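A look at the structure
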Amino acid sequence: MTATRRPGRNHLFVPGPTNIPDRVLRAMMVPSEDHRSVDFPKLVKPLLEDTKKIFGSTDGTVLLFPSSGTGIWESALSNTLSRGDKVLTSRFGQFSHLWVDMAQRLGLDVIVQDEEWGTGINPARIEEALRADKNHEIKAVMAVHNETATGVTSDIGAVRKAIDAAGHPALLFVDGISSIGSLPFKATEWKVDCAIAGSQKGFMLPAGLGLICISPKALKVAEGGTGGNNDRLAHVYFAWADHLKQNPGGYFPYTPSLPLLYGLREALACVAEEGLENVYHRHHVLAEATRQAVAAWGLKPCAKEAKWNSDTVTAIVVPEGIDAAKIIKHAYERYNLALGAGLSQVAGKVFRIGHLGDLNELSLLGAIAGAEMAMLDNGVKVTPGSGVAAASSYLRENPLSKA
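Below, the structure is looked at part by part.

Conventions and cut-offs
Residues numbered from 1 in each chain as written. Predicted model: local features only at pLDDT ≥ 70, side-chain atom pairs only at ≥ 80, totals over all residues. Heavy atoms only, no water. Helix = DSSP H or I, 4+ residues; strand = E, 2+ residues; numbered from the N terminus. Rg over C-alpha atoms; globule rule 2.2 N^0.38 Å. Buried < 20%, exposed > 50% of the residue type's maximum accessible area, 1.4 Å probe, protein only. Contact = heavy atoms within 4.5 Å. Areas by Shrake-Rupley, 256 points an atom, 1.4 Å probe, with all protein chains shown as cover. Lys, Arg positive; Asp, Glu negative; His and termini not counted. Charge placed at Lys NZ, Arg CZ, Asp CG, Glu CD. Salt bridge = Lys/Arg side-chain N within 4 Å of Asp/Glu carboxyl O. Phe/Tyr/Trp six-rings, centres within 6.5 Å; stacked < 30°, edge-to-face > 60°. Lys NZ or Arg CZ within 6 Å of the ring centre and 35° of its normal.

1. Looking at the overall build of the protein chain
Of the regular secondary structure elements, the protein chain holds 13 helices and 14 strands. Radius of gyration (C-alpha) of the protein chain: 22 Å, near the 22 Å computed for a compact globule of 403 residues. Overall, the C-alpha framework of the protein chain stretches about 65 × 55 × 45 Å when taken along its three principal axes. When each of the 403 residues of the protein chain is scored for burial, the buried share is 54%. Restricting to contacts in the protein chain with at least 6 residues of sequence separation, those with at least 24 account for 74%. Accessible surface, the protein chain: about 17200 Å² in total, of which carbon and sulfur atoms supply 52%. Across the protein chain, the centroid of the 41 positively charged side chains sits 2 Å from that of the 42 negatively charged ones.

2. Overview of the pattern of salt bridges
Under the defined criterion, the tally for this structure stands at 18 salt bridges. One salt bridge connects Arg-291 with Glu-288, and the closest N-O pair in it is separated by 3.1 Å. In this pair, Arg-291 and Glu-288 are both assigned in helix H10 (residues 276-297), three residues apart and thus about one turn of the helix distant. Take Arg-291: its relative accessible area is 12%, and that puts it in the buried class.

3. Considering the packing of aromatic side chains
Counted by the stated rule, this structure contains five aromatic pairs. Centroid distance Tyr-237 to Tyr-254: 5.0 Å. Interplanar angle 5°. Geometry classified as stacked. Here Tyr-237, found in the loop between helix H7 (216-224) and helix H8 (240-246), pairs with Tyr-254, found in the loop between H8 and helix H9 (258-274); they are 17 residues apart in sequence, far enough to count as distant. Aromatic ring contacts, followed pair by pair, group Phe-65, Tyr-237, Phe-238 and Tyr-254 into a single cluster. Geometry around Tyr-332 places Arg-6 over its ring, the cationic atom sitting 4.9 Å from the centre.

4. Considerations on unusual backbone geometry
Geometrically, the link from Gly-16 to Pro-17 is a cis peptide bond, its omega value of 0° lying close to zero. Considering the arrangement of structural elements, one finds Pro-17 in the loop between strand S1 (11-13) and helix H1 (22-27). Phi at His-136 is positive, roughly 55°, even though this residue is not glycine. Position of His-136 among the secondary structure elements: in the loop between helix H5 (123-132) and strand S5 (138-144). One non-glycine residue, Met-204, lies in positive phi territory at about 60°.

Next up, the structure:
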C-alpha cells in the first residue's frame, strides 16, 4: 500500500516564504475585531514606528499594505512617477527583470543596464548614465538589493554614492524584499527614497503584507507629480495619500489583515529580543556555512565572486549534464525538503538553498544533508557527508550570536 502520510515536518528552504516562529503563528490566531474601534490604534501606531528600525530609517514613513511585494513595487512607481518618465535600472536576475517589466507595462521609459547573471549592480555605470543625463530626465534609479534568482547582493551604499557623485536628483528605489530584516539595511544613511519589503522573508510572516519605507523627498514628489497631474500614473488601492490620512490616527483606509498585523507585532518582538545586529550576524554565519558545504562538494555558487555572495540565499550550480529540477523534485518527494528552483536563464542549472528567517545551526544542517542526498541520488558525484562535515565544522567555530 502506498503511504499517504509523510511523517515529520516539511523542511522549508526556499528563499521565501520562510519558516514562521511558533510564537508568531500563535500570535496570529486572533478573533475578528472592529478595525475602527477606539482600541485599534494601540496595535497600529507602535507597528508603524517600530518597523522603521528594521528599514534602518530615522526620518522615513512606513506604510503597510495587504499585498505581496509586487504590489509594493507598483505602489512606489505609481505614487511618484508619471507616464513617459525615464527610470534607470540594472538587470541581472529574474526579479530585476520583473521590475523592468512592471515599469514598462505601467508606461515608464526604462533604461536598462544589463549585467551578467551572477553579478550585480555596477555603480560606475549608474554614475556614467546619470552624468550623461544633463537635463535630469531620469526620475528614478531602481535597484534590487538582493537577487534571489542568482544569490547575489549588490552594494546599495555604492549606488547612493554614484547618484551623489553625478549630482543627480533622481529618486532611489530599492527592492529589499529578500534582504530587509535579514541583511544590514540603512534607508536613511543610503538616502533610499522607497525601500520595499515583503512579510514572507526576513519578517518571518506568511505572505500578504507589503511594507514600504518612504523618504521625505519621495513624499514631497508624490504630492506634486513629475509630469503634471494629468500624466501621473493611476493608483487607487496602492495610493499613499489614503494611508497618510488614516495612519496618524492608528487606522487604515480599508480593511487590514488583522492576523498579519498581530503577527508583525510578535515578529518585531522576536527581532528586538535577539537584537538586530545578532540577526544580521546569524544570517552571515549560516550563509557562510552553506558556502563551506558547496565548496566541500566541489561545486560553485552562481555568484561569480565572493563580493556578490548573498547571506539570505545560495544558488548552487550543478555539473554539466545534470538537471537541477530533478534534484529539487527528488528532494521534495523523497526527503520532504523544499529547495528553491532555478529561474529563467538559470532554470535547470542551479538549485537554491534559502537560509533566511527563523533558522539555526541544526535547521541548516538538515537542509545541507537533504540536498547532499538528493544530489547523490541523481548522479552528482559528491563525497557523502562532505558538505555536512564542512558546514558543521564552521558552525562549531562560529556561534550565531555575537553576545
